[in-house]
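Chain by chain, the residues:
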Amino acid sequence: MSGTQRVLVVMGVAGTGKTTVGRLLADALGLPYVEGDAFHPAANVAKMSAGIPLDDADRRPWLDAIGAWITARPAGRGAVVASSALKRAYRDRLRGAAPDAVFVHLTGERPLIERRMAARTGHFMPTALLDSQFATLEPLRRDELGVVVDVSGSPEEITERALGALSALPGICPTAAPSRES
């Protein structure tokens, strides 16, 4: 990304590939990556593991912890963060830490996302919570800087679509990181 680097928040419901695509975007842009799930307090993980959706009160400390990580990064240094950021209020909270954040909303058809969730292993989020995720989701509004990216296809195809969509935003020029072999 040219100039002052921005924080990219890869958002969407569970199972859209936020972690995978977030890591690929970070690698392509030469930016640090952080997994938002790592900031959930143990009580949140236990609640979700039990099939109980989080509420706004559960999410506040989690979003604040992500925001603290964003704030602690070196000035002018971008990052890629994976966070569901399902509601406008959650995105506003993240923008409190990174006012120039750009959101990459990963979206797709529910059957595809459900199949992907069912196939993954080692994640605390059960497929049973997918309905609550879709019910909570507030898509990006026109006044929110971001792009919407379809999650059909391979992770590499999704990442390429995201990079292309980001490059079309005014003032956002993501470029691939310099080759590590140079």
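For the structure itself, look to the data block above.
### Things to note about the nonpolar core
Soluble globular proteins tend to bury their nonpolar side chains together.
Thinking step 1. By size, the foremost hydrophobic cluster in this structure holds 24 residues, and its most contacted members are Val-9, Ile-70, Leu-94 and Phe-103.
Thinking step 2. Among the secondary structure elements, those contributing two or more residues to this core are strand E1 (7-11), helix H3 (56-72), helix H4 (88-97) and helix H5 (110-119).
Thinking step 3. Apart from the residues within four sequence positions on either side, Ile-70 is in contact with Val-7, Val-81, Ala-97 and Ala-98.

### Section: the pattern of salt bridges
Thinking step 1. As enumerated under the stated definition, the model contains 13 salt bridges in all.
Thinking step 2. In this structure, the salt-bridge partner of Arg-110 is Asp-131, at a minimum N-O distance of 2.6 Å. Taken together, the residues span a long stretch of sequence, with Arg-110 in helix H5 and Asp-131 in helix H6 (residues 130-136) at a distance of 21 residues.
Thinking step 3. Salt bridges sharing partners connect three or more residues here, namely Arg-88, Arg-91, Asp-92, Arg-95, Asp-143 and Glu-144.

### Some remarks on the sheet that holds E1
Thinking step 1. One open sheet holds the five strands; their spatial order is E2-E3-E1-E4-E5, and the pairing between them is parallel. Each edge of the open sheet carries a strand with a single partner, namely strand E2 (33-35) and strand E5 (146-150). On average, adjacent strands in this sheet sit at an angle of 20 degrees to one another, irrespective of strand direction.
Thinking step 2. Contacts between helix H1 (residues 18-29) and the sheet are confined to E1, E2, strand E3 (79-82) and strand E4 (102-107), with E2 contributing the most and set at about 165 degrees to the helix.

The rules behind each value
Residues numbered from 1 in each chain as written. Predicted model: local features only at pLDDT ≥ 70, side-chain atom pairs only at ≥ 80, totals over all residues. Heavy atoms only, no water. Core = buried A, V, L, I, M, F, W, Y, C linked by side-chain atoms within 4.5 Å. Buried < 20%, exposed > 50% of the residue type's maximum accessible area, 1.4 Å probe, protein only. Helix = DSSP H or I, 4+ residues; strand = E, 2+ residues; numbered from the N terminus. Contact = heavy atoms within 4.5 Å. Salt bridge = Lys/Arg side-chain N within 4 Å of Asp/Glu carboxyl O. Pairing = 2+ DSSP bridges. Axes fitted to C-alpha atoms, helices over the stretch in contact; angles between N-to-C directions.

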